Amino acid sequence: MDKLLDKAYEPSAVEDRIYQFWLDGGYFHAEIHPNKKPFTIVMPPPNITGKLHMGHAFEDTQQDILIRFKRMQGFEALWLPGTDHASIATEAKIVAAMAKEGLTKQDIGRDGFMERAWKWKETYGGNIVAQLKKLGASCDWERERFTMDEGCSAAVREVFLRLYEQGLVYRGERIINWCPHCKTTISDEEVEYAEQDGHFWHLRYPLSDGSGWLELATTRPETLLGDTAIAVHPDDERYQAFIGKTVILPLVGREIPVVADTYVDREFGTGVVKITPAHDPNDFEVGQRHDLPIINVMTDDAHMNEKAGKYAGLERYEARKAVVADLEAGGYLVRIEPHKHNVGTCYRCQTTVEPRISQQWFVKMKELAKPAIDAVRNGDTRFVPERFEKVYFHWMENIRDWCVSRQLWWGHRIPAWYCADCGETVVAREAPTVCPKCGGKHLAQDEDTFDTWFSSALWPFSTLGWPQQTPELSYFYPTNVLVTGYDIIFFWAARMIFSGIAYTGKTPFHTVLMHGLVRDAKGRKMSKSLGNGVDPLEIIEASGADALRFTLATNNSPGNDSRFMPERVESSRFFANKIWNAARFILMNISGDEKGLPATLAIEDQWILSKLNTLTKDVTENLERFELGVAVQKLYDFLWDSFCDWYIELSKSRLQASGETATSAKQVLVWVMEHTLRLLHPVMPFITEEIWQTLPHEGETIMRSAWPVYDPALAFADEETAMERVMNAIRAIRNRRAEMRVPPSKKANLYIETEFADIFTMAAPFFERLASTASVQVGTTFDIDSAVRIVTDGAVLYIPMGELVDKEKEIARLEKEKQGCEKQLDSIHTKLQNPGFVSKAPARVVESEKARAEKLAEKVTLLQQNIAELQK
């Protein structure tokens, strides 16, 4: 690469070229190395329908930081990428595209649809991969996988076969969550709940013997057409006489029993509930206990079916209106009560979900869940932060059987065949041609596909060759870290843990690093409806991937949401420019032969090297503990303040000199910059590679260079403390001059009263360069009239007032400023002494006023001291 840097850093001119350099060099690729320890992360596979959003950028930045860090530490680091077929989302996209052509799935048939789906995947499925590359993701693209590729599909069939053979899979009618729009079942975790305004319709059910009626309330009156009982609590004394009797179902005329069941809450409403086993999960359980009929009154698109009588064909909400009107007309409606309740909606299309009886495939979960619970309890897998273990345990300990079938065509088709001759169900790895029971040849495969999460649950090991015991599986599995959002702990993380243990005997990862959501500047979730989403690709185009990555890593702490603020990206871009300019300054002052550290170090060299040494230790520990935000802030502070604002400024006078002092400064500048670039590389890979290639270095690429390590020989604690004393004194002089509005061009003599004469004498040039000092005298005591007196750590500084400002004018200025502060202070005190204000104003406002008063009082005291010093 070129040994010169352009005057300005332009990410668009650098990033694509650098990424191609990495690809051409094969630097992302991981191989089996018996003498190296592996470190593996499997990427949570984004949907092939997806476009890179801020959540992806946030999650993948964290993974890339970790994988680059471990790669530089000498691990054989594999970040295995891939994409998910995303059954519901992808099928919806393809169906929508077909609708524009006037076609439906049924028009072209399953084979025709699948052909279109694969073409769609080939056309659009790679988009998000290209976008991840723009972010700088250092994945091993040679190992890229797809959840429906041949290997992953074989793993899915194998798992289903094993579950079936173990008796852990069954097909039966159960209540499931049905999306009338997507026309498929969805899991409990895919149902999103939102509070909505609704009603309680209070109804009378007449007793069959004509002796009266029982009153109950429902939020879904249209489902009463499928009622097969009403229930009361067995210990509710109010209804003991009614248990075993029957009532007449309003509008239908069917006689249904009154049953006793502990499911009923005696304290809620009237203590009587309607039981509709086909349309409510709790009612289904009651129906099973009491052997009640199951009557489904809805179609798969949420219209009333033939069992709904005269309401057949009506959409469910139209049917509700008609049913309520007829109930009122028939005298069955007692009253309507407003009611807020949580309504489940499909996570994909936001359609209200319909609990519905349906024949589906289920996996028995209790047996699979227990080892997965134990794995986290005994520390084989840990959650970061630890608090998410409670969430995990709650879900796993209360887990229900998993409905794994979906009424979709795009996905892994369930490997079950049904014999038309004898009704036998055949589950097999390959399509059978003959029924093993009757010898018949009329076999039809199940039309359903697996839940997307069924294949995703196998991702950590199916991508490494399972069910074959491949060398890659033996070496890279179990993986080390799963980086994922807390919102899919149930969808994915938990299912991977129990799947990994069940089929490999090992937990799939040692650590689950949870991250929160990226919210907007106001703390709101980014969404299309709010129009507050931020396109990371636009940020990358405008400011560069490094600026976006640095912004996302800043203020990031495991498990917590973060706010994305565009101004922070601008700040990160300024930071990149600061580094670039520092590198250009160094390159303009070195020969290129600077290697290693000089034998003799000046105190400022010892200080910066000691600071870098501590930084190395801290950043390494922070990254090991997944404290990415803390590590990034420390890197920022060191580079911006310690290195650029202090050391580079201190080095300029030495560089202007000739001889050994200039050579030493050059060596230290190169050493510090090169080491710091390596520490920063995982966060800002592009700019660090570009600069590193211009500096004296060893190796082909910074991403394969060695991670810096703490060196006890570079710990100069005493020298660091001494240098900090000098720096504190310089800061104090700058601050006082700024308060007095003295321009930097106005030089003044400085007198330093200190017991640390050696260090302050040696530092005289620093004061002259950085504190606008004309000359420096160091001693144990000074008696100077009309001097500005500044007390710092280990020194008292004196600057003759006349050399800085006109004494009388400065006293007048300070008096005027003091009077202004006192006036504000009096106003606040008056307000705080007003009982009406204190009692009525919000507590935070009162506290804010008290804090303002405290700061103003401190400022008045300081101004009084400054005036007193000037009047001496």
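Cut-off values and rules
Residues numbered from 1 in each chain as written. Predicted model: local features only at pLDDT ≥ 70, side-chain atom pairs only at ≥ 80, totals over all residues. Heavy atoms only, no water. Phe/Tyr/Trp six-rings, centres within 6.5 Å; stacked < 30°, edge-to-face > 60°. Buried < 20%, exposed > 50% of the residue type's maximum accessible area, 1.4 Å probe, protein only. Helix = DSSP H or I, 4+ residues; strand = E, 2+ residues; numbered from the N terminus. Lys NZ or Arg CZ within 6 Å of the ring centre and 35° of its normal. Pairing = 2+ DSSP bridges. Axes fitted to C-alpha atoms, helices over the stretch in contact; angles between N-to-C directions. Expected span 1.5 Å × (residues − 1). Contact = heavy atoms within 4.5 Å. Core = buried A, V, L, I, M, F, W, Y, C linked by side-chain atoms within 4.5 Å. Arc of directions from axis to C-beta.

*Asks:* What is the right way to read the packing of aromatic side chains from this model?
*Replies:* Here the distance between the centres and the angle between the planes together describe a pair of aromatic rings. Summed over all chains, the structure comprises 36 aromatic pairs. Ring geometry for Phe461 against Trp466: centres 5.4 Å apart, planes inclined by 85 degrees, an arrangement best described as edge-to-face. Look at Phe461 and you get buried, because its relative accessible area is 0%. Each ring, one from Phe550 and one from Phe575, has its centre 4.8 Å from the other, and the planes form 35 degrees; the classification is tilted. With Phe550 in helix H16 (residues 545-553) and Phe575 in helix H17 (residues 566-589), this pair connects stretches of sequence that are 25 residues apart. Taken as a pair, Phe550 and Phe575 share a single burial class, namely buried. Within the aromatic cluster, the residues linked to one another by ring pairs are Phe160, Tyr164, Trp361, Trp402, Phe450, Phe454 and Phe498. Over the face of the ring belonging to Trp409 we find Lys105, whose NZ or CZ atom lies 4.6 Å from the ring centre.

*Asks:* Got a minute to help me understand the pairing of strand S18 (residues 416-419) in this structure?
*Replies:* Residue alternation in S18 divides its side chains into two sets, Ala416 and Tyr418 and Trp417 and Cys419, and both sets are buried. Bridge count for S18 against strand S19 (residues 425-427) is 3 bridges, and the pairing is antiparallel. Its bridge partner being in S19, Tyr418 is matched across the sheet by Thr425. Linking S18 to S19, which pair antiparallel, is a turn of 5 residues; within it Gly423 sits at a positive phi near 85 degrees. Pairing of S18 with strand S20 (residues 443-445) involves 3 bridges; the strand directions are antiparallel. Within the sheet, the bridge partner assigned to Cys419 lies in S20 and is Leu443.

*Asks:* Can you help me understand the sheet that holds S20 in this one?
*Replies:* Pairing between the strands of a sheet comes from backbone hydrogen bonds, and it takes one of two forms, parallel or antiparallel. Spatially, S19-S18-S20 is the arrangement adopted by the 3 strands of the open sheet, whose pairing is antiparallel. Two strands in the sheet have a free side with no partner beyond their single neighbour: S19 and S20. Across this sheet, the average inter-strand angle for adjacent strands is 30 degrees, counted without regard to direction.

*Asks:* Looking at this model, I keep getting lost on helix H27 (residues 843-870). Mind explaining?
*Replies:* In an α-helix, one full turn covers 3.6 residues, which means residues spaced three or four apart are oriented alike. When the terminal C-alpha atoms of H27 are compared, their 41 Å separation across 28 residues agrees well with the 40 Å that a helix rising 1.5 Å per residue should span. Val846, Glu849, Ala853, Leu856, Val860, Leu863, Asn866, Ile867, Glu869 and Leu870 are the residues of H27 that are buried. Tucked inside the fold, the buried residues of H27 contact helix H22 (717-739), strand S28 (787-792), helix H25 (807-832) and helix H26 (835-840).

*Asks:* Hey, could you run me through the side chain of Gln131 in this one?
*Replies:* Its location among the elements puts Gln131 in helix H5 (residues 127-135). Sequence-distant contacts of Gln131, that is, excluding residues within four places in its chain, are made with Lys51, Leu52 and Leu537.

*Asks:* How should I be thinking about the nonpolar core in this particular structure?
*Replies:* Among the nonpolar cores identified, the biggest contains 141 residues, and Phe643 and Phe767 are the most heavily contacted of them. Looking at this core element by element, the count peaks at 14 residues for helix H19 (residues 628-656). With near-sequence residues (within four places) excluded, Phe643 lies in contact with Ile586, Ile608, Phe638, Ile648, Leu669, Val672 and Met673. The next biggest cluster of nonpolar side chains, apart from the first, holds 62 residues, and it includes Leu78, Leu168, Phe393 and Leu473.

*Asks:* I'm lost on helix H7 (residues 281-290) in this one. Help?
*Replies:* If you check which residues of H7 are buried, you get Asp283, Phe284, Val286 and Gly287. Taken around the axis of H7, the buried residues stretch over an arc of 165 degrees, which confines them to a single face. Check the buried side of H7 and you find it contacts strand S5 (169-179), strand S12 (272-275) and strand S14 (354-363). Just downstream of H7 lies Asp291, where phi reads positive at about 55 degrees.

*Asks:* It is not clear to me how the sheet that holds strand S13 (residues 333-346) should be interpreted in this structure. Could you clarify?
*Replies:* Strands sit in the order S8-S7-S13 across an open sheet of 3 strands; the sheet is antiparallel. In this open sheet, the two edge strands, each paired with only one partner strand, are strand S8 (213-218) and S13. Neighbour-to-neighbour, the strand axes of the sheet open up by a mean angle of 20 degrees, direction not taken into account. Across 6 bridges, the pairing between strand S7 (residues 191-206) and S8 is antiparallel. Along S8, the bridge assignment pairs Tyr205 with Leu214.

*Asks:* Mind showing me how you'd approach unusual backbone geometry here?
*Replies:* Most peptide bonds are trans, and most residues other than glycine sit at a negative phi. The step from Val384 to Pro385 runs through a cis peptide bond, and the omega angle for that step is 0 degrees. With respect to the element layout, Pro385 can be found in the loop between strand S15 (382-384) and helix H10 (388-397). Look at the link from Tyr477 to Pro478: it is a cis peptide, with omega at 0 degrees. Assignment of secondary structure puts Pro478 in the loop between helix H13 (471-476) and strand S22 (479-485). Backbone geometry places Leu251, a non-glycine residue, at a positive phi of 70 degrees. Looking at where Leu251 falls in the secondary structure, it is placed in the loop between strand S10 (246-248) and strand S11 (255-260). With relative accessibility at 32%, the residue Leu251 sits in the partly exposed group. For Arg741, which is not glycine, the phi dihedral falls at a positive 60 degrees.

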